[in-house]
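A structural walkthrough
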Amino acid sequence: LNAEHPVVVVGAGAGGIAAAIAAARAGARVLLVERGRAIGGTVVHSLIHTLGGLYDDAGRIINGGLAAELADALLHRGRDSRQRRLGRTWVLNACPMLYQELVTGWIGSLPGITVALETWVDRVTERSGRIEMVTLGSRSGVVTVVAPRAVVDATGTCAVVRLVDPALVVDREPAAAGGLIVVLRGVEPGTLEAPRGLAHLRALRAAAAEGSLPAGCQHVWLDHGVRSDEVYVKLAVPTVVISARSASLDAERDAVVELLRRQPGFSSSYVAATGAPGIRDGGRVVGECMLSEDDVRSGRKFADRAARCAWPIERWDPHGSVALEYLPSGLSYDVPLRALHVRGLANLWTAGKTVSADACAQASARVVGTCWAMGEAVGRAAAATTAPALASASPHQQPQPPAPAPLP
Ligand SMILES: Cc1cc2nc3c(=O)[nH]c(=O)nc-3n(C[C@H](O)[C@H](O)[C@H](O)COP(=O)(O)OP(=O)(O)OC[C@H]3O[C@@H](n4cnc5c(N)ncnc54)[C@H](O)[C@@H]3O)c2cc1C
């Protein structure tokens with residue numbers, strides 16, 4: 001039995017990384033458990049290069065703290081990183097590999113965090129509304145039993161909460177479409193500038209409509225990359241296809257790339273990277289409070305704000321078409337901390353896209369910057385439950401967290 005780590009964070013994506021850093025900076029020892037071989041989550045594994053939720057609709061930073069530090073670090077460390085207008089929103093264009101390098105260095109520089117890669121939660125023991133023990137399995141076969149004071153489920157799929165009680169998870173059926181992202185390099189700079197960019201997109205969609213590309217390609221999207229010779233090809237994929245790990249995905253990708261190579265500007269292009277297929281909604285927890293569509297539309301504010309968000313509601317249908325509903329100009333809403341606290345379980349939290357919300361509210365709040373802000377709030381709250389004296393002190397009496405270590 002390992003009682004060394006009072007805070008256990010499961011999942012090292014945006015929400016989990018922020019939770020681990022915030023808890024460690026508040027003085028807690030943290031075990032960060034990640035099923036994959038590397039940390040970074042969807043941003044890294046699915047190759048997300050347009051980080052949303054960092055800015056409001058006027059392009060100002062919307063959350064301070066770690067989300068703002070992340071934006072600052074990405075802008076200063078990446079020669080090609082830039083803040084960019086996308087429709088009526090602002091995103092941070094940054095290379096997913098730079099993001100991975102930054103967050104890996106950040107986590108590694110905090111001695112309070114132990115990272116367990118290729119490790120997952122097998123069993124959770126709950127008694128009287130508290131998680132008492134967590135049993136971890138690993139690829140190496142080592143089984144570890146941890147007795148945490150607080151647990152954060154940041155798996156993006158509510159994997160820990162499901163083990164406690166599946167009734168504490170809401171799944172949307174059918175789920176919003178996921179996606180597959182392919183990075184092309186060697187593209188002639190300017191190839192996506194208007195009106196040429198639109199012509200390429202029309203050519204792809206027409207080919208899907210007439211059957212020379214698989215029908216699944218009808219919602220394909222092309223986006224400027226981070227470097228001038230890069231194009232990100234975004235294929236919408238039904239979540240059921242992702243779950244079935246269908247080989248048709250590779251065929252779709254190859255067909256799109258082949259057709260693009262026959263388009264002007266793409267003749268020298270090559271596939272530089274293919275992301276892992278990513279899911280947008282892996283379920284949402286039942287929290288102490290549920291963020292609703294009305295809260296989002298009315299710009300509701302909460303006293304226990306964990307994050308502020310102005311991102312539009314992204315309505316992805318199961319097959320891959322998307323409609324964006326922008327919030328009225330200047331409007332933003334809060335995600336309350338109670339929506340990240342799992343109902344009836346004193347020491348179980350979630351962080352990231354599994355926030356307690358209805359499908360519509362989650363479709364706005366799941367963007368990366370908001371996940372960072374939610375994770376930070378949860379990490380602080382989890383650390384506070386491990387040190388009751390810290391929790392009851394007023395903000396002015398609290399010891400200042402150590403200054404962030406410089407990013408390596
Ligand atoms: C195709 C696609 C495109 C997107 N595009 C954008 C975009 O352009 N801009 C934007 O801001 N957002 C975008 N998003 C949304 C955004 O990327 C995610 O909502 C956000 O990154 C989710 O962060 P998270 O921390 O909640 O979960 P994740 O990043 O999914 O992290 C969860 C982590 O938990 C790990 N894990 C899972 N189960 C276990 C387990 N049992 N034990 C241990 N570890 C486990 C996973 O390996 C993963 O590392 C996109 C999402 C998708 C799918």
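How each quantity is defined
Residues numbered from 1 in each chain as written. Predicted model: local features only at pLDDT ≥ 70, side-chain atom pairs only at ≥ 80, totals over all residues. Heavy atoms only, no water. Core = buried A, V, L, I, M, F, W, Y, C linked by side-chain atoms within 4.5 Å. Buried < 20%, exposed > 50% of the residue type's maximum accessible area, 1.4 Å probe, protein only. Helix = DSSP H or I, 4+ residues; strand = E, 2+ residues; numbered from the N terminus. Contact = heavy atoms within 4.5 Å. Pairing = 2+ DSSP bridges. Axes fitted to C-alpha atoms, helices over the stretch in contact; angles between N-to-C directions.

1. Structural notes on the nonpolar core
- Val9, Leu74, Tyr99, Val152, Leu291 and Trp372 are the most contacted members of the largest nonpolar core, which totals 74 residues.
- Tallying contributions element by element places helix 11 (residues 368–386) first for this core, with ten residues.
- Not counting residues within four places of it along the chain, the set of residues in contact with Tyr99 comprises Ala14, Gly40, Val43, Val44, Leu51, Leu70, Leu74, Val368 and Trp372.

2. Section: the sheet that holds strand 4 (residues 82–86)
- The strand order across the open sheet built from three strands is 3-5-4, with neighbouring strands paired in antiparallel fashion. Taken across any chain shown, the strands that pair with only one partner, and hence form the sheet edges, are strand 3 (50–51) and strand 4.
- Of the pairings in the sheet, the one linking strand 3 to strand 5 (residues 89–93) comprises two bridges and is antiparallel in character. Residue pairing for strand 5: Leu51 is matched across the bridge by Leu92.
- Helix-sheet contacts for helix 3 (residues 65–77) involve strand 3, strand 4 and strand 5, and the interaxial angle to strand 5 is about 55°.

3. Quick notes on unusual backbone geometry
- Looking along the chain, the bond that leaves Glu173 and enters Pro174 is cis, with omega of -10°.
- Along the polypeptide, Pro174 turns up in the loop between strand 11 (169–170) and strand 12 (178–185).
- Here the amide bond leading from Ala194 into Pro195 is cis, since omega sits at 0°, within 30 degrees of zero.
- Locating Pro195 in the fold gives a position in the loop between strand 12 and helix 6 (196–210).
- A positive phi is found at Glu118, a non-glycine position, where the angle reads about 50°.
- Topologically, Glu118 is positioned in the loop between strand 6 (113–117) and strand 7 (119–127).
- Residue class for Glu118 comes out partly exposed when judged on its relative accessible area of 23%.

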